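Listed below, chain by chain, are the residues.
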Amino acid sequence: MSNTVGQATKYRTRVLGLLCLLWIITYLDRVCISVAGPRIQEALHIGPLGWGWVTGVFTIAYAIFEIPSGVLGDRIGPRRVLTRIVLWWSGFTSLTGLMTSYYPLLLTRFLFGMGEAGAAPNSAIAVARWFPIHERGRAFGFTLMASQFGGAIAPLLVVPIQVHYGWRASFYVFGVLGVGWSGVWYWWFRDAPAEKAGVTEVELNETLGLTPKAQHGLPWMIALGSENFWATMGVAFCYMYTLYFFQSWFHTFLVKARGFSENDLLLSSLPFLVAACANCGGGLASHALVKKVGLAWGRRSIGVVGLVTAALCAIAVMFTKQWLATLTLLSLVYAGITFQQPIMFAACLDIGGEYAGTVVGAMNTAAQIGSLVSSLMFGYLVDRFGSYNAPFIPMTGLLLIGAWLWVKVDPAKQLVSEMQAVTKTVCSTNSR
């Protein structure tokens, strides 16, 4: 019996492995600029406000192209879309190392963000088509855990490379990784289990009906009138406002606010390692809770606990100067956020149904707006108040608002069912 189960799940396990590898590469490329940030700012003479725009322009492009990338993935499948976008962003990762002035750097990071925008929604589409509902939280837990490993190993790779060869070399090296992944993905992956030779009948039956038949777009009027949809967008904005600190300002904060040396930045892997465990833990916890207490509170409870924990630890960071305590508390802030992060993606699949990629794209658009505001506000608040503690005040407030919004998210309520309810109401009214 155990051999049958193992045989039945082996192909989606391999899909998960490829997606985990993708997220490692994604965060290596993304966190690379944060680790190299102090050197880049010095080399190109960029101040706090200017650096805010360097990190922020990525999120502008990311936000703009999230929904189009999700819509495209829903229509033509994640196999072709992910291949194209990974090749695109890998090219602009390498080009970042060639920049010699501020404005070309801004343009390059914008184009980099344009490419990477499709990673989350199209990964979600792959999960939606290959994994049964009760396994999705766990699947996102593993993929997002992998992303944190990418963030964790980035300092361990970037710092030695930039010490010996300069900050530019790290971007050249990381740009090559995505090219190799794209080749393997296009050659091996298929958009649905039924299209993949060798998938067993058991696995086909488990995923029957997960590949959508509809090719029309998301009913936006229904979505925009849905409290459920807006609560999901609100949670994403609130938690990403703080999460993006770890991808943009974190290493600069350690150097300029807590006196870390460049060699000390090797210790900055700690929050990402803790966050990796939290991603996995959140996915596994939801997997168990959904079976015990149902879909709605099996998702919600993870979100509330994670964001409240993050908010309390963010308050403590402002009153801490000692380096180990600072790293520990920041690790717990990040862990609280990443504990609930896979559940946010799973909830989007629950709510979106056949429009999973589009809803994940919309959620990530809201998240990237939070990232942009965070990046710019951090630089502004530091410049305005002369303190690296000031930005943690809005972070704390938004984390608590996000926890409150989680209670309003109902993963058991699909947008399609809301559309059908509205249609029935209209038809009933007309018949009278």
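Within any chain, residue numbers begin from 1 and follow the written order of that chain's sequence. Residues qualify for local features only when their pLDDT is at least 70, as the model is predicted, and side-chain atom pairs are given and counted only at 80 or more; totals for whole chains, interfaces and linings, by contrast, use all residues. Hydrogens and water molecules were not included; the side-chain quantities draw on all heavy atoms of the structure.

Considerations on the confidence of the model for the protein chain
Summarising the model, the protein chain shows a mean pLDDT of 83, and 91% of its residues fall at 70 or more. When mean pLDDT is taken per element in the protein chain, helix α18 (residues 392–406) scores highest with 96 and helix α19 (residues 415–431) scores lowest with 51. Low pLDDT, under 50, characterises residues 1–8; the stretch is placed with 5 contacts to residues that sit more than four places away or in other chains. Contacts from residues 421–431, a stretch scored under 50 in pLDDT, to residues over four places away or in other chains number 1 contact. Residue-level confidence of the predictor, termed pLDDT, takes values from 0 up to 100. Comment: elements are numbered from the N terminus, with helices defined as DSSP H or I runs of at least four residues and strands as E runs of at least two. Contacts were defined at the residue level, with two residues in contact if any of their heavy atoms lie within 4.5 Å.

Details of the pattern of salt bridges
Only one rule defines a salt bridge in this text: a Lys or Arg side-chain nitrogen within 4 Å of an Asp or Glu carboxyl oxygen. This structure, assessed with the given rule, holds 2 salt bridges. Here Arg12 ties to Glu135 by a salt bridge, and the two come within 3.1 Å at their closest N and O atoms. With Arg12 in helix α1 (residues 2–35) and Glu135 in helix α7 (residues 133–165), this pair connects stretches of sequence that are 123 residues apart. Buried means the residue's accessible area, taken with a 1.4 Å probe over protein chains only, is under 20% of the maximum for its type, while exposed means over 50%, and partly exposed covers the values in between. Look at Arg12 and you get buried, because its relative accessible area is 2%. Close ionic contact of Arg299 with Asp350 constitutes a salt bridge, the shortest N to O distance being 2.8 Å. Of this pair, Arg299 sits in helix α15 (residues 295–317) while Asp350 sits in helix α16 (residues 323–352), and the two are 51 residues apart along the sequence. On the basis of relative accessibility, which here comes to 2%, the residue Arg299 falls in the buried class. Note on Asp350: relative accessible area 5%, which makes it buried.

Describing a nonpolar patch on the surface
Residues forming no salt bridge and having over 30% relative accessible area are the ones grouped into patches, like charges within 9 Å of each other and nonpolar side chains (Val, Leu, Ile, Met, Phe, Trp, Tyr) within 5 Å. All accessibility values rest on the Shrake-Rupley procedure with a 1.4 Å probe; residue burial counts only the protein chains present in the view. A grouping of Leu49, Ile369, Val373, Met377 and Tyr380 is seen on the molecular surface, where their side chains present a nonpolar patch of about 400 Å² in accessible area. Per element, the largest residue contribution to the nonpolar patch is 4 residues, and it comes from helix α17 (residues 356–385).

Considerations on unusual backbone geometry
Phi is positive for His45, which is not a glycine, with a value near 55°. Structurally, His45 can be placed in the loop between α2 (37–44) and α3 (48–76).

Examining the packing of helix α14 (residues 269–293) against α15
Describing two packed helices takes the angle between their axes plus the distance from one axis to the other. The interhelical angle for the contact between α14 and α15, taken along N-to-C directions, is 145°, at an axis separation of 7 Å. Of the two elements, α14 crosses α15, and the hand of that crossing is right-handed. Residues Gly282, Ala285, Ser286, Leu289, Val290 and Val293 of α14 touch α15, and the partners they reach there are Leu295, Trp297, Gly298, Arg299, Ser301 and Ile302. As a working rule, the residues Ala, Val, Leu, Ile, Met, Phe, Trp, Tyr, Cys and Pro are called nonpolar, Asp, Glu, Lys and Arg charged, and the rest polar, with Gly in that last group. Tallied by class, the residues present in the contact of α14 with α15 amount to 7 nonpolar, 4 polar and 1 charged. Angles here are taken between N-to-C directions and fall from 0 to 180 degrees, while the axes themselves are lines fitted to C-alpha atoms, restricted in helices to the stretch in contact. By convention, the crossing between two helices is left-handed when the near helix turns anticlockwise from the far helix through less than a right angle, and right-handed when the turn is clockwise.

A short note on the packing of aromatic side chains
Any two aromatic rings considered together are summarised by their centre-to-centre distance and by the angle between their planes. Each pair of aromatic rings taken from Phe, Tyr and Trp, with Trp reduced to its six-membered ring, is defined by centres within 6.5 Å and is described as stacked if the planes are under 30 degrees apart, edge-to-face if over 60, and tilted in the remaining cases. Summed over the entire model, instances satisfying the criterion amount to 24 aromatic pairs. Residues Trp185 and Phe189 carry aromatic rings whose centres are separated by 3.9 Å and whose planes lie at 10° to one another, so their mutual orientation is stacked. The burial state of Trp185 is the same as that of Phe189; both residues are buried. When the ring of Phe250 is compared with that of Phe272, the centres are 6.2 Å apart and the planes differ by 70°; the resulting orientation is edge-to-face. One end of the pair, Phe250, is in helix α13 (residues 250–258); the other, Phe272, is in helix α14, and 22 residues separate them in sequence. Summarising the burial analysis for this pair, Phe250 and Phe272 share the class buried. What links up through ring pairs into an aromatic cluster is the set Phe245, Phe246, Trp249, Phe250, Phe253, Phe272, Tyr334, Phe378, Tyr388 and Phe392. Geometry around Trp297 places Arg300 over its ring, the cationic atom sitting 5.0 Å from the centre. Charge over a ring is defined by NZ of Lys or CZ of Arg lying within 6 Å of the ring centre and within 35 degrees of the ring normal.

Side note on the packing of helix α4 (residues 78–96) against helix α5 (residues 102–116)
Contact pair α4 / α5: the axes reach a minimum separation of 8 Å and the direction vectors enclose 160°. As judged from the angle between their axes, α4 and α5 are roughly antiparallel. Of the two elements, α4 crosses α5, and the hand of that crossing is left-handed. Across the interface between the two elements, Ile85, Trp88, Trp89, Phe92, Thr93, Leu95 and Thr96 of α4 pack against Leu105, Thr108, Arg109, Leu111, Phe112, Met114, Gly115 and Glu116 of α5. Here the contact of α4 with α5 is built from residues that sort into 9 nonpolar, 4 polar and 2 charged. Here roughly perpendicular refers to angles of 65 to 115 degrees, roughly parallel to angles under 35, roughly antiparallel to angles over 145, and oblique to all remaining angles.

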